[in-house]
Amino acid sequence: MKETQSRPNLVLLGTAFLVVFLAAFAATAPFQAPPAFAGPPQKTGEGIEFQFYAPDAKAVYLSGEFNDWAPEADLMTKDEDGIFRLTKRLSPRRYEYKFVIDGTWKEDPANPAKAPDPYGGSNSVIVVLENGEVSMEVAKKPSPAPIVGQITASGRPIYFAILWHQHQPRYERDSVSGEYLDPWVRLHCAKDYYDMAAMVQEFEGLKYSVNLTPVLLTQMEEIVRGYETNGPTDKMLRLSARPASALTQDDKVFLLARFFDANWSNQIDPFPRYRELRDRRVGFSPEKLLESVPRYSAQDFLDLQVWFNLAWMDPDFLKGGVELPSGLKIDLSDLVKKGQGFTEAEKKRLLDAQIEIMRNVIPIHKKLQDAGRIEVTTTPFYHPILPLIYDTDLAQVAMPNVVLPSERFSFPGDATEQVRRASAFYEQRFGRKPEGMWPGEGAVAQEIIDVVASQGFKWFATDMENLAQSLGKTNLTDEEKFSIYRGTQNGASLGLVFRDTGFSNDIGFKFARVDPVEAANDFIKNLSNIQRDLADSDKDHIVVVILDGENPWQNYENDGKDFLRALYSQLAKASWVKTTTISEFLRTHPLETLPVVDKLWAGSWDGHSFATWIGEPDEDAAWDDLTLARRAFEEWKAGAAAGEGEEVGDRGKAAGAAVKAPDARLVAQVYELLLAAEGSDWFWWYGKDKDSGNDERFDEAFRNTLKQAYVLMGKEPPEYLSESIIGVGARAATVSAAGKGPLPGGTEKTLLSMDDPLGDDNGPGSYTYPTNAVFVGGAYDAKHFEVSMDSTDIFFRVSIAGDLTDPWGGDVAFCLQGIDLYIDTDGKPGSGAKQLYTARNANAGSGSEWEYYVMANMDEVGLYDVDLKRIPRARVAAWGDPLTRTITVKVPVEFVGKPDRNWKVIAFVVGHDGYSPGRVRPITTTSQEWSFGGSVNSSLEPGIIDLIVPPGQSQKDILGAFKATGKLVEIPGVKIMGK
């Protein structure tokens, strides 16, 4: 499971590249004071100067309260050092601002003062004083008193279970040395995995659960074993242990690039020496890093080695002694107090402490589980999307029109093996069989219930949105939300646990920017409201919270310890809450007494679908590569002559030759690699919906995993595995927000130009905008529609009345809107498709049945045929121009033909939501933060906000016809040429 703004565990805040080894730099270069690059806002004779370091950026703008947040009002000027600068005269007052770098909004990394923005992030803050100086001090208000003592409750108490999911992907290992190339398993062990379990001991009566994935623990054990035997560990541990006097030039460049990989505000800035070492660098580029090396002495590099590792320690180890189950005590407070001038012996003590903590991760969990204080759960071994391993066609349950990989991946036996291995791994380390499971990414489906139950598991968990889909409901009652259910398949039964999305996201995203006690009070108050509402129920209810147990905390001050202790202390004191583990709850609430879910929805925690892992061209290409390798393995294992493998799309052919039946040891090695390649993390980073900041590394590691499998099978790895998967499915280049005019293609001829009434962005007349401030007025109000063409392409343009904004930063420079176009090429009644795309809740009118459908939004721009199957080769493109407030969609003539007088088009604007069915934002009875209001009949009313209406007709009459007919509305097309 991944919390969307926290992953990956790479935290590459200062570097988003893999440093290459550079040529030697003249060691005799004289030391100079580092330039003040990318400094904080400061007073100058002309006003307040703002700076941003972005040597590779094309354009950087300053946007804030001083220019009404205009994204392109204040263009900054780039100097030769890669620093963009702008000076503004500002009156004394408080200001919030951000930088806009090539269309992407970012905080000021040089300014520690932050304030929450409306989109789950932060704005930078300055205060211009009366004398013109700049202050970045944000005064903290006193923490409130804990609220738990003010709550009086009666009736049935509420049960409460929290599960912390601890996971790391399978990181790449150097093919020669065997060391891991990333340090995040080790560093999160030292900072998170030990203390997140151990903290339960501080609060009498408190209970919770921890999910430990086998792929995490396997890497942890290998690193410990490597450290103990002088074998491979991870690269950054090796370079940390190397004496500073023995560091090579390449080592020093690497340290300057990667040893500041931490949350600067919470892990670097609180420590003056570490901050000073960071600020001494002259830049982030390889050339600037090389230039920086002579500015650091051997002692500086030794201090850097120590501080990087200290910053990734849990604060408890830095403030006093912590006794581990092994009996050893870890106390690093003297190093923090010393601050600098560290010795090699002190550094070794720190690294030894990290390894000792890693040795004790499993023992502390086992000790607390045996004492009944926590439950330890697990995940299928390599953290796969279990339903997709079972059958990729299950993606169609939530996404009926998803573009699936060219070949179906369906290996139910692999799904069972991933679960079996997890159970066996757990039992070997904890001396008992596991009862509960958080499947990778909370991915579940009806079809895998017996897969999980067959291996002895009693329950598994997923997100509450999947419960709503399973029950066929938009809104769940508290009775329905806070219950555990039973699922059955092929005679097997399994407890179905659904996490509360809101509580989980509050911890993952919201509370990091809130006073710890205030955040805990908010949580406790919401929990008490649920208890009060259910106090008179005749059965017990349970609130379940599940989220990442490592990723959120680096965004909190003091590693989140202040918030967790504030929350845990109140939970332990609340008489109306019974903290429990899920297995403990099920022991007193047997499966046979639980309500039944007849058919479990196929979805994950992320938008009740599998869209994050399948459906984008790059994701599908990765699945195809995996499918080919998996088939080659089956042929090889059977000792059959493989010959040329089956072709998958344009990705090439799997090469192979006849081989003898391999021995069991070799079979096991290859199968291990393929199971590892089934992990969810590879597919998470493919596509445009997620970005690690270093996707190329994950891509290379995935392909290398498959290559190794082919090599072990005695086969030459297919050539396509040497080519990056990233960009395999890239569509035609689009014009950015700064672009102007049509794409090249010749002189355009206008075919249709018509105005659309203003103020009709209300569907059938009743719809209202969502309440979040991102939904600016007029965002969905089409005011003009135009169709034109040149020798190669047809252009459809929709101009809107409001500002064309792009707050979520898609590739097409618009994100709130979705544009639908249904092209009728012959104008004949009954010829073509009548039904519109999913969730539009509308049909084409007689004589407007369509032959082609075009979808255009931030997540997909594509052309579909009458069977709603995507035409993969059609290079359709879309882009927005904020200056003219126009969205343009380009469709190649070669796929749809040239318009003539028979052509009609149904065109309209929907609210785009990449996580909802059909990518259409929901419409509910009243407006909510992320949903439209005004719904009167969700089964019949259209999901259309503004329709391009033929002259002389009324949008309200067309879209509101369902009220009189009791049927889906039928929409007429607009003639493109003539009357």
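Residues numbered from 1 in each chain as written. Predicted model: local features only at pLDDT ≥ 70, side-chain atom pairs only at ≥ 80, totals over all residues. Heavy atoms only, no water.

## Focus on the overall build of the protein
- Along the protein, the regular secondary structure elements total 28 helices and 36 strands.
- Projected onto its principal axes, the C-alpha positions of the protein cover 85 × 80 × 75 Å.
- When burial is assessed residue by residue, the protein has 59% of its 979 residues classed as buried.
- Taking the contacts inside the protein whose residues are at least 6 apart along the sequence as the reference set, 72% of them involve residues at least 24 apart.
- For the protein, the computed accessible surface area is about 37500 Å², with 50% contributed by carbon and sulfur atoms. (Helix = DSSP H or I, 4+ residues; strand = E, 2+ residues; numbered from the N terminus. Buried < 20%, exposed > 50% of the residue type's maximum accessible area, 1.4 Å probe, protein only. Contact = heavy atoms within 4.5 Å. Areas by Shrake-Rupley, 256 points an atom, 1.4 Å probe, with all protein chains shown as cover.)

## Quick word on unusual backbone geometry
- At His383, a position not held by glycine, the phi torsion is positive, near 60 degrees.
- Along the chain, His383 falls in the loop between strand S16 (374–377) and helix H13 (386–390).
- One non-glycine residue, Arg919, lies in positive phi territory at about 60 degrees.
- Within the secondary structure layout, Arg919 lies in the loop between strand S33 (904–911) and strand S34 (946–947).

## Structural notes on the pairing of strand S27 (residues 817–824)
- Among the eight residues of S27, eight are classified as buried, and the element is accordingly described as predominantly covered.
- Residues Gln817, Ile819, Leu821 and Ile823 line one face of S27 and the alternating positions Gly818, Asp820, Tyr822 and Asp824 line the opposite face, and both faces are buried.
- Strand direction decides the pairing type here: S27 and S33, joined by eight bridges, are antiparallel. Along S33, the bridge assignment pairs Asp820 with Phe908.
- Direction of pairing for S27 relative to strand S29 (residues 852–856): antiparallel, over a ladder of five bridges. Bridge pairing in S29 places Leu821 opposite Val854. (Pairing = 2+ DSSP bridges.)

## Describing the side chain of His165
- Looking at where His165 falls in the secondary structure, it is placed in strand S12 (residues 158–166).
- A relative accessible area of 0% means that His165 is categorised as buried.
- There is a polar contact of 3.4 Å between the side chain of His165 and the side chain of His383. (Polar contact = N/O pair within 3.5 Å; in protein donor to acceptor, adjacent residues only side chain to side chain.)

## Some words on the sheet that holds strand S2 (residues 47–53)
- Strand order in the open sheet made by the four strands is S1-S2-S6-S5, with antiparallel pairing throughout. The outermost strands of the open sheet, each flanked by one partner alone, are strand S1 (42–44) and strand S5 (77–78).
- In the sheet, S1 pairs with S2 via three bridges, with the strands oriented antiparallel. Of the residues in S2, the one forming a bridge with Gln42 is Glu49.

## Quick look at the sheet that holds strand S32 (residues 886–892)
- The antiparallel open sheet is built from five strands, whose spatial order is S24-S25-S26-S32-S31. Looking along the sheet, the strands with just one partner apiece sit at the ends: strand S24 (749–755) and strand S31 (877–881). Each adjacent strand pair in this sheet contributes to an overall mean axis angle of 15 degrees, direction not counted.
- Across seven bridges, strand S25 (residues 782–789) lies against strand S26 (residues 793–800) in antiparallel orientation. (Axes fitted to C-alpha atoms, helices over the stretch in contact; angles between N-to-C directions.)

## Some words on the packing of helix H14 (residues 412–430) against helix H23 (residues 664–677)
- Here H14 crosses H23 at 95 degrees, and the two axes come no closer than 11 Å. What the angle tells us is that H14 and H23 run roughly perpendicular. Contacts between H14 and H23 involve Gly413, Asp414, Glu417, Gln418 and Arg421 from the former and Tyr671, Glu672 and Leu675 from the latter.
- Among the residues making up the contact of H14 with H23, the classes are represented as two nonpolar, two polar and four charged. (Parallel < 35°, antiparallel > 145°, perpendicular 65-115°, else oblique. Nonpolar A, V, L, I, M, F, W, Y, C, P; charged D, E, K, R; others polar.)

## Details of the packing of aromatic side chains
- Tallying each qualifying case throughout the model produces 51 aromatic pairs.
- An angle of 70 degrees between the planes, with centres 5.5 Å apart, marks the rings of Trp164 and Trp553 as edge-to-face. Residue Trp164 is found in strand S12, and its partner Trp553 is found in the loop between strand S21 (542–548) and helix H20 (561–573); the two are separated by 389 residues along the sequence.
- Of the aromatic side chains, those joined through ring pairs into one cluster are Phe409, Phe411, Trp623, Trp682, Phe683, Tyr686 and Phe702.
- Taking the ring centre of Tyr296 as reference, the NZ or CZ of Arg280 above it sits at 5.3 Å. (Phe/Tyr/Trp six-rings, centres within 6.5 Å; stacked < 30°, edge-to-face > 60°. Lys NZ or Arg CZ within 6 Å of the ring centre and 35° of its normal.)

## With respect to the pattern of salt bridges
- If you walk through the whole model with that rule in mind, you get 65 salt bridges.
- The partner of Asp300 in a salt bridge is Arg273, and the shortest N-O contact between them spans 2.7 Å. Here the residue Asp300 occupies a position in helix H8 (residues 298–311), and Arg273 occupies one in helix H6 (residues 272–279), the gap between them amounting to 27 residues. Each member of the pair, Asp300 as well as Arg273, is classed as buried.
- Across the pair Lys834 and Glu970 runs a salt bridge, and its minimum N-O distance is 3.3 Å. With Lys834 in the loop between S27 and strand S28 (842–844) and Glu970 in strand S35 (residues 969–971), this residue pair connects regions lying 136 residues apart in the sequence.
- Using a relative accessible area of 31% as the deciding quantity, one classes Lys834 as partly exposed.
- A relative accessible area of 43% places Glu970 in the partly exposed class.
- Salt bridges sharing common partners tie together Asp195, Glu202, Asp314, Asp316, Lys561 and Arg565. (Salt bridge = Lys/Arg side-chain N within 4 Å of Asp/Glu carboxyl O.)

## What to know about the confidence of the model for the protein
- On average, residues of the protein score 89 in pLDDT, and 90% of them are at 70 or above.
- Throughout residues 2–36 the model reports pLDDT below 50, and contacts reaching past four residues in sequence, or to other chains, amount to 96 contacts.
- Counting interchain partners and residues more than four positions distant, the pLDDT-below-50 stretch residues 729–746 has 41 contacts. (pLDDT = per-residue confidence, 0-100.)

## Here's the deal with H8
- Taking 1.5 Å of rise per residue, the 14 residues of H8 would be expected to cover 20 Å, and the 20 Å separating its terminal C-alpha atoms lies within 8% of that figure.
- The buried count for H8 comes to twelve of 14 residues, which makes it a mostly enclosed element.
- Among all positions of H8, only Asp300, Phe301, Leu302, Asp303, Leu304, Gln305, Val306, Trp307, Phe308, Asn309, Leu310 and Ala311 are buried. (Expected span 1.5 Å × (residues − 1).)

## Re the pairing of S31
- Burial of S31 is extensive: five of the five residues sit out of reach of the surface.
- Here S31 shows a buried face lined by Ala877, Trp879 and Asp881 and a second buried face lined by Ala878 and Gly880.
- One ladder, built from five bridges, connects S31 with S32; its direction is antiparallel. By the bridge assignment for S32, Ala878 is matched with Val889.
- From the end of S31 to the start of S32, which pair antiparallel, there are four residues, and Arg885 there has a positive phi angle of about 55 degrees.

## Remarks on the nonpolar core
- Membership of the largest hydrophobic core comes to 210 residues, with the highest contact counts inside it found for Trp164, Tyr208, Phe460, Ile507, Phe610 and Phe702.
- Considering every element that reaches this core, the biggest residue donor is helix H1 (residues 184–198), with ten residues.
- Ignoring anything within four residues of it in the chain, the contact list for Trp164 reads Met196, Tyr208, Ser209, Val210, Asn211, Ile507, Leu547, Asp548, Gly549, Trp553, Leu564 and Tyr568.
- With 52 residues, the next largest nonpolar core counts Phe775, Cys815, Tyr852 and Val905 among its residues. (Core = buried A, V, L, I, M, F, W, Y, C linked by side-chain atoms within 4.5 Å.)

## Points about the environment of Pro770
- Assignment of secondary structure puts Pro770 in the loop between S24 and S25.
- When the C-alpha atoms of Pro770 and Val293 are compared, they prove to be 52 Å apart, with 477 residues separating the residues in sequence.
- Beyond its immediate sequence surroundings of up to four residues, Pro770 is in contact with Phe775, Arg921, Gln928, Glu929, Trp930, Ser931 and Phe932.

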